Amino acid sequence: MTGREIIKRVDDGANNYIRMFGEAPHMESIDNGVYRIIRPKKGEQGIKFICDVRPERLDKKIIRKIKRLKMPVWWPLQTQKPGDELYMAAFPGEMIAHEKAKFARRAETPEDFARWAASANGGFDVAYACIHPQYHYPLCQRGALRCYFIEVDGQIAATAAIMTDGANASLEFVATEKTHRRQGLASGVCAAAIADAFARGAEIVTLRAGNEGTRELYTSLGFKIYNEALEMSP
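Read on for an overview of the structure. Please read these numbers as outputs of a predicted model, since none were measured by experiment.

1. Here's the deal with the overall build of the protein
Line of reasoning, step 1. When helices and strands are tallied, the protein shows 7 helices and 10 strands.
Line of reasoning, step 2. Projecting the C-alpha coordinates of the protein onto the three principal axes gives extents of approximately 55 × 45 × 30 Å.
Line of reasoning, step 3. Per-residue burial over the protein gives 50% buried out of 234 residues.
Line of reasoning, step 4. Summarising the internal contacts of the protein: among those between residues at least 6 apart in sequence, 61% fall at separations of at least 24.
Line of reasoning, step 5. Working note: accessible area of the protein is about 12,000 Å², and carbon and sulfur atoms make up 48% of it.
Line of reasoning, step 6. Considering the protein, the positive charge centre built from 33 side chains and the negative charge centre built from 29 side chains are found 6 Å apart.

So, in structure tokens, the structure goes:
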């Protein structure tokens, strides 16, 4: 797999993650052929985002129109400077195990998913729940979203999830409660999620990390950075 192909897999995983929000019945997803708008229906609350941006169809007029919408945009790497975000991927055989992965559980019941969603939502700096504890649960039922957590004293302390789209998988919703950070819990729950993804046939696990401080966490699990792949690969 070339560097450019890996970059595309990373972008595909990120767009799949955003599209997931739009699949819930309280949300709407509008694709105009150049980009997709994800937003809550009138009277509802939820995430607002622009994703699935097609770089080959962009021009200055469309870019100005997107900016006027004043919504977060998931730009593909082709449209931004390498280094603005970490593009990372891991392949089977590259993953590094973690001792605390054995403490991770998967949220399989509606009750577990609601608890997981409450903890994962805490990682978003917004006033509303991005993940709906009821409306997004069908994604778990069909296996498109698999959610994992580690508990400490009966409370969820760390979360992660794997979203799948065919043979592609992306690591999402990584969060740790403030009082339990720097204890290896994020590494443990991520390692469990990644191992399960590869065991179920994933060819690649990708992620986009906006926080440079997460570099150490993900590289310690076996991820490699591909930000420069567009320049190095023909």
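Let us keep going from here.
2. Description of the nonpolar core
Line of reasoning, step 1. Core analysis: the biggest nonpolar cluster contains 31 residues, and I162, L171, I194, V205, Y218 and F223 have the highest contact counts within it.
Line of reasoning, step 2. Looking at this core, the elements that each hand over two or more residues are strand 4 (86-90), strand 6 (145-152), strand 7 (155-165), strand 8 (168-176), helix 5 (185-199), strand 9 (204-209) and helix 6 (215-219).
Line of reasoning, step 3. Looking at which element gives the most residues to this core, the answer is helix 5, with 10 residues.
Line of reasoning, step 4. If we skip the residues at most four places from it in the chain, I162 touches A144, L145, R146, Y148, A169, S170, L171, A193, I194, A197 and V205.
Line of reasoning, step 5. Residues M20, I47, A107 and C130 belong to the second largest nonpolar core, which totals 30 residues.

3. Points about the sheet that holds strand 2 (residues 36-40)
Line of reasoning, step 1. The strand order across the open sheet built from 3 strands is 1-2-3, with neighbouring strands paired in antiparallel fashion. Single-partner strands in this sheet number two, and they are strand 1 (27-31) and strand 3 (49-51). The average undirected angle you get between the axes of adjacent strands in this sheet is 20°.
Line of reasoning, step 2. Relative to strand 2, strand 1 is paired through 5 bridges, and the arrangement is antiparallel. Bridge pairing links I30 to I37 in strand 2.
Line of reasoning, step 3. Of the strands in this sheet, strand 1, strand 2 and strand 3 are in contact with helix 1 (residues 3-22), which crosses strand 2 at around 40°.

Thresholds, definitions, all that
Residues numbered from 1 in each chain as written. Predicted model: local features only at pLDDT ≥ 70, side-chain atom pairs only at ≥ 80, totals over all residues. Heavy atoms only, no water. Helix = DSSP H or I, 4+ residues; strand = E, 2+ residues; numbered from the N terminus. Buried < 20%, exposed > 50% of the residue type's maximum accessible area, 1.4 Å probe, protein only. Contact = heavy atoms within 4.5 Å. Areas by Shrake-Rupley, 256 points an atom, 1.4 Å probe, with all protein chains shown as cover. Lys, Arg positive; Asp, Glu negative; His and termini not counted. Charge placed at Lys NZ, Arg CZ, Asp CG, Glu CD. Core = buried A, V, L, I, M, F, W, Y, C linked by side-chain atoms within 4.5 Å. Pairing = 2+ DSSP bridges. Axes fitted to C-alpha atoms, helices over the stretch in contact; angles between N-to-C directions.

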